[in-house]
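Breakdown of the fold
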Amino acid sequence: MKLRHLQASVCVALTLVSTLPPATLSQAAAQQTSVSNQQPNPTAPAAPAAVQNDTTGTPGFPQAPTPKFTEPLYLRSSLKDYSKGKLGFPNPFRWYTATNYPAPRLGDTPHLQDLLRDGKIYLSLSDAITLTLEDNFDIAIARINLDIADTDILRARAGSSLRGVSAGLITNTLGGSSSTITGGGGPGGTSTGTGGTGSGAGGIVLSTSGGGPVPYNMDPVLSGQLEYQAQNQQQSNLLFSGGLSSLYTDTSTYNFTYQQGFGTGTLFNVGFNNSRVTTNNPFVTYSPQLTTSFTATVTQHLLQGFGTGIQDRFVLQAKNNRRITDSAFRQQLLYTINQVENIYWGLVSAYEDEQAKERALAQSTQLTEDNRKQLQIGTLAPLDVVNSDASVAADKQALIQSQTNLEYQQLIMKQAIAHNLNDPQLSAAPVIPTDRVALDRLPEEDQPVESLIADAYANNPQIEQAVLNMKNNKITIKAEKNGLLPVLDAFAFYGGNGLGGAQAPGALDFDTGKPYPPGTFPSISYGTALNNLVNNSSPNKGIGANLTIPLRNRTAQADQVRSQMELRQSEMRLQQLYTQIRIQIINARYALTNDRAQVAAAQAQHDYAGQSLIAEQKKYKLGASTSANVLQQGRNLAIAENSLISATAAYAKDRAALLQLMATTLDRYNISITDAASGTISQAPAIPGLTAPKPEATPEPITNTPPPPPNQ
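Report follows, based on the coordinates. Here the residue index of a chain counts from 1 through its sequence in written order. Reporting in this predicted model follows two pLDDT cut-offs: at least 70 for local features of residues, and 80 or more for side-chain atom pairs to be given and counted; totals over whole chains, interfaces and linings ignore these cut-offs and use all residues. Water and hydrogen atoms were dropped before computing side-chain values, which therefore reflect all heavy atoms in the structure.

A helix here means a DSSP run of H or I that spans at least four residues, while a strand means a run of E at least two residues long, and both kinds are numbered starting from the N terminus. Broken down by element type, the protein chain carries 17 helices and 11 strands. Looking at the protein chain alone, contacts between residues at least 24 apart form 78% of all its contacts between residues at least 6 apart. Accessible areas in this description were obtained via Shrake-Rupley with a 1.4 Å probe; residue shielding takes into account the shown protein chains only. Total accessible area on the protein chain stands at roughly 37,900 Å², and carbon and sulfur atoms take up 58% of it. Contact between two residues is taken to exist if any of their heavy atoms lie within 4.5 Å; hydrogens are not considered.

What follows is the structure in structure tokens.
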């Protein structure tokens, strides 16, 4: 019997196939071929191909293109350039005045109030991203890092060590967490080390950055000493005091020093000393006695600390750190925009889920009302009413849970796009999402994988930061290698001295024991004493060298090889980034293909569940079904709606994640990075692939010629 049934089924199938027109058969074959072309066989052997991308320079190994550095360089929140000091002309006192950094705007942007209508916030994805760029705290905090990096350039130009600036992501916005790489490729720390660099990220050690010979201070330093001293001292031996029991000495000192370092490893130092001494000591010839002298000294590093490459290295590192900060800000924009997109699609899912739960409750409520009417006329068992009442209670509970989730998603969205949630009108206003995602294919989905990966290598800010960080490593290696050398400094000095004053009234002649006659010692003016400084009448000149040889030199050896180790770590980190990005790009492509297929399957299941519910309701009205069957079909429809909502949200999030990995979100959305750095968005983002929300369509009745399957 079973064999005859099987034979009959085969005959019927063959008959149906033979009745199909040839066009239908060719269309089905084409669809099958299209699907197989989009998703290659994962077990098929790879075709031979030449290496297209090379990250090492070694033949046969992958090598990436040169990263595109973030442009324009030196993003700023205002026109103020904190890498330049204050001008001293015509008012040099400005050098010693404080600079006040403007307080942040803690209120919400007026754009948010423009979206508030009838007590509701109607929010598009473009509006959400615009508000994020203007009001998100993570971006606002990262924006200040741009100016902090400028202050390090200013310090470096003065010859000081760097304090460092954070290059890591700020992830304090709740919700919308991303699964892509989140660690920065640069230093990523804020703790101050020898050279002010961060403590590192991702296992990278950066402790030797800033090490090596300490540069000279490039800012001139002028110091002065002004002093007056009056001393009166009792004498125990009158022989040496000319018979005086007490000697007084009044001393006025006026000393000045000028010192400045230069990038060649040269130190220039000038000292100008003056004193005026008045005393009653009879053995002093001049009172008051004027003494003046000056010495100009030039010291030059010959081994350790020699050359601009060592003395000016902090400037180069500070500029590299500034580029890293620009790149980190771009990475922060990509991350936070993706985070807000995820929050937005989570809000859309919660909003549509709440509407679906309302429809499910309305259907079950209508069914239980009909059941009660039939119970009253005696055509329905009481158990069916109890079953429908239980379904209503379950749908109410599901609706309450969905409403709670929607309110939470609305709150999460508000904290991502607003500064101040204490406004009662803003905090109570529901957020209505006005955009839905379309299933249009992205250009990246049709681009060859290797070309896609090469673009990601060139655009990704983490690779940019890693490359810049390696440049800083190499600068440190050069400095630590120079630090192995002994200290050999050559110096030369030239100076002079002058003496002036008037003959002391009580000056004694040792031969006669009597005071010198007036005019014995001619008076010398202070001007004459100054002239004697430069007329070579009393020169003071010389040359020399200082040599310091640290025996064994173990500290310098350790730091030098450690700097090499840190470079090797950075190189390996860069290779790891290449591998991670490659895998994530490929996985993101797979995700979009799978997501689109999942949405199509969920849509088909949703349509089937809707048709099944309508058919079951019709049978129930004709008495050919039970209320339990109707409730079951309603639950099936609710499950299908949840699956469709989840699949659509997953596709939208994965689409945004691919753009973040490619680092093309800003270009694709027409977002100006300079506007984002200033916090004032002049042009709203233009986001492709969106559509307006569509009302829930009533399932169409089943016909003898069902519609063709959706394109995969």
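And the narrative resumes.
Between the N-to-C directions of two axes lies an angle of 0 to 180 degrees, each axis being a line fitted to C-alpha atoms and, for a helix, fitted only over the stretch in contact. Relative orientation of the contacting elements helix 12 (residues 461–482) and helix 14 (residues 554–621) amounts to 165 degrees, with a least axis distance of 9 Å. Put simply, helix 12 runs roughly antiparallel to helix 14. Crossing geometry of helix 12 relative to helix 14 is assigned as left-handed. Packed against helix 12, whose contacting residues are Gln462, Ile463, Ala466, Val467, Asn469, Met470, Asn473, Lys474, Thr476, Ile477, Glu480 and Lys481, the element helix 14 presents Asp559, Gln560, Ser563, Gln564, Glu566, Leu567, Ser570, Glu571, Leu574, Leu577, Tyr578 and Ile581 at the interface. Classification convention: Asp, Glu, Lys, Arg as charged; Ala, Val, Leu, Ile, Met, Phe, Trp, Tyr, Cys, Pro as nonpolar; all other residues, Gly among them, as polar. Its residues placed into classes, the contact of helix 12 with helix 14 shows 10 nonpolar, eight polar and six charged. Between 65 and 115 degrees an angle is taken as roughly perpendicular, under 35 as roughly parallel, over 145 as roughly antiparallel, and anywhere else as oblique. Helix crossings fall into two classes, left-handed where the near helix is turned counterclockwise from the far one by less than a right angle and right-handed where it is turned clockwise.

Here we take up the sheet that holds strand 3 (residues 221–234). Between any two strands, at least two bridges found by DSSP are needed for them to pair. Spatial ordering of the open sheet is given by 3-4-5-6-9-10, a layout of six strands whose pairing is antiparallel. Looking at strand neighbours, the two that pair on one side only are strand 3 and strand 10 (539–548), the edges of this open sheet. Each strand axis lies, on average, 15 degrees off the axis of its neighbour in the sheet, ignoring direction. Across 14 bridges, the pairing between strand 4 (residues 246–262) and strand 5 (residues 266–279) is antiparallel. Looking at strand 5, one finds that Thr251 is bridged to Val277.

A word on the environment of Arg105. Its location among the elements puts Arg105 in the loop between helix 2 (22–38) and helix 3 (110–114). Judged by relative accessible area, which is 39%, Arg105 ranks as partly exposed. Distance from Arg105 to Asp135, taken between C-alpha atoms, is 8.8 Å for residues 30 residues apart in sequence. Contacts of Arg105, omitting those with residues within four sequence positions, involve Glu134, Asp135 and His419. Between N or O atoms, a polar contact is any pair within 3.5 Å; within protein, one atom must be a potential hydrogen donor and the other a potential acceptor, and residues adjacent in sequence are included only when both atoms are from side chains. One polar contact links the side chain of Arg105 to the main-chain carbonyl oxygen of Gly107, over a distance of 2.6 Å. One polar contact links Arg105 to Asp135, side chain to side chain, over a distance of 2.9 Å. The buried label goes to any residue with under 20% of its type's maximum accessible area, the exposed label to any with over 50%, and the partly exposed label to all in between, with areas taken from a 1.4 Å probe on protein chains only.

Let's shift gears to the packing of helix 8 (residues 382–417) against helix 15 (residues 627–662). Here helix 8 crosses helix 15 at 15 degrees, and the two axes come no closer than 9 Å. As the angle between them shows, helix 8 and helix 15 are arranged roughly parallel. Crossing hand, helix 8 versus helix 15: left-handed. Only Ser627, Ala628, Leu631 and Arg635 of helix 15 make contact with helix 8, whose side of the interface consists of Asp384, Asn387, Ser388 and Ser391. Among the residues forming the contact of helix 8 with helix 15, the class breakdown is two nonpolar, four polar and two charged.

A surface patch of nonpolar side chains, about 450 Å² in accessible area, is lined by Leu222, Leu226, Tyr254 and Phe256. Secondary-structure elements contributing two or more residues to the nonpolar patch are strand 3 and strand 4. With respect to the element layout, Leu226 can be found in strand 3. Take Leu226: its relative accessible area is 64%, and that puts it in the exposed class. Each patch is assembled from residues with relative accessible area greater than 30% and no salt bridge, linking like charges that lie within 9 Å and nonpolar side chains (Val, Leu, Ile, Met, Phe, Trp, Tyr) that lie within 5 Å. By definition here, a salt bridge exists when the distance from a side-chain nitrogen of Lys or Arg to a carboxyl oxygen of Asp or Glu is within 4 Å.

Here strand 4 hands over to strand 5 after three residues, with Gly265 in that stretch at a positive phi of 90 degrees. Direction of pairing for strand 5 relative to strand 6 (residues 286–301): antiparallel, over a ladder of 12 bridges. Across the sheet, residue Phe272 finds its bridge partner in strand 6, namely Phe294. Between strand 5 and the antiparallel strand that follows it, strand 6, lie six residues.

Every regular strand shows the same layout, with side chains that alternate between the two sheet faces. Pairing of strand 3 with strand 4 involves 14 bridges; the strand directions are antiparallel. Its bridge partner being in strand 4, Gln229 is matched across the sheet by Thr251.

Let us look at the sheet that holds strand 1 (residues 116–117). To summarise the sheet geometry, strands pair through backbone hydrogen bonds and adopt either a parallel or an antiparallel arrangement. As summarised here, the arrangement of the three strands in space is 1-2-7, forming an open sheet in which the pairing is mixed. The strands lining the two open edges of the sheet, one partner per strand, are strand 1 and strand 7 (431–433). Contacts between helix 7 (residues 313–376) and the sheet are confined to strand 2 (120–123) and strand 7, with strand 7 contributing the most and set at about 95 degrees to the helix.

Take unusual backbone geometry next. The linkage connecting Glu71 with the following residue, Pro72, adopts the cis geometry, with an omega of -5 degrees. With respect to the helices, strands and loops of the structure, Pro72 is situated in the loop between helix 2 and helix 3. Of note, the amide linkage connecting Ser287 to Pro288 takes the cis form, showing an omega dihedral of 5 degrees. Inspection of the secondary structure assignment puts Pro288 in strand 6. A positive phi angle, close to 65 degrees, is found at Asn536, a residue other than glycine. The topology assignment puts Asn536 in the loop between helix 13 (526–534) and strand 10. By relative accessible area, Asn536 is classed as partly exposed at 41%. Of note, the phi angle at Ala663 is positive, near 60 degrees, even though the residue is not glycine.

A few words on the nonpolar core. Nonpolar cores are built from buried Ala, Val, Leu, Ile, Met, Phe, Trp, Tyr and Cys residues. Side-chain atoms within 4.5 Å join them into one set. Counting residues in hydrophobic clusters, the biggest one holds 75 residues, and the most contacted among them are Leu123, Leu133, Phe329, Met413 and Ile585. For this core, the element with the highest residue contribution is helix 7, accounting for 12 residues. In contact with Ile585, other than residues within four places in its own chain, are Leu452, Ile453, Ala456, Leu658, Leu661 and Met662. Among the nonpolar cores identified, the runner-up in size contains 10 residues, and Leu380, Leu613, Val630 and Leu637 belong to it.

A few words now on the packing of aromatic side chains. Two aromatic rings from Phe, Tyr or Trp, using only the six-membered ring of Trp, form a pair when their centres are within 6.5 Å; if the ring planes differ by under 30 degrees the pair is stacked, by over 60 it is edge-to-face, and anything between is tilted. If you walk through the whole model with that rule in mind, you get seven aromatic pairs. Where Tyr82 meets Tyr101, the ring centres are 5.6 Å apart and the plane angle is 50 degrees; that geometry is what we call tilted. You can see Tyr82 sitting in the loop between helix 2 and helix 3 and its partner Tyr101 sitting in the loop between helix 2 and helix 3, a full 19 residues away along the chain. What makes Tyr101 partly exposed here is its relative accessible area of 39%. Between the aromatic rings of Tyr516 and Phe521, the centroid separation amounts to 4.9 Å while the plane-to-plane angle is 85 degrees, which identifies the pairing as edge-to-face. Put simply, the rings of Tyr286, Tyr516 and Phe521 touch in pairs and so form one group of aromatic residues. We count a charge as sitting over a ring when the NZ of a lysine or the CZ of an arginine lies within 6 Å of the ring centre and within 35 degrees of the ring normal. Here the guanidinium or amino end of Lys80 rests over the ring plane of Tyr82, the centre of that ring lying 5.6 Å away.

Now for the pattern of salt bridges. Charged atoms that come close allow side chains of opposite charge to pair. One pass over the structure, following the stated rule, counts 18 salt bridges. For Glu352, the salt bridge identified is with Arg436, shortest N-O distance 2.7 Å. Within this pair, whereas Glu352 is found in helix 7, its partner Arg436 is found in strand 8 (residues 436–437), the two being separated by 84 residues in sequence. A relative accessible area of 10% places Arg436 in the buried class. Close ionic contact of Lys619 with Glu616 constitutes a salt bridge, the shortest N to O distance being 3.6 Å. Linking Lys619 with Glu616, this pair stays in helix 14, spanning three residues, or about one helical turn. A residue is classified by how much of its surface remains accessible, and Lys619, at 38% relative accessible area, is partly exposed. Assessed through its relative accessible area of 10%, Glu616 is described here as buried. Taken together, the salt bridges that share partners define one network made up of Arg76, Asp81, Asp150, Arg322 and Asp326.

Take it as geometry only, folks, not as evidence of what the structure does.
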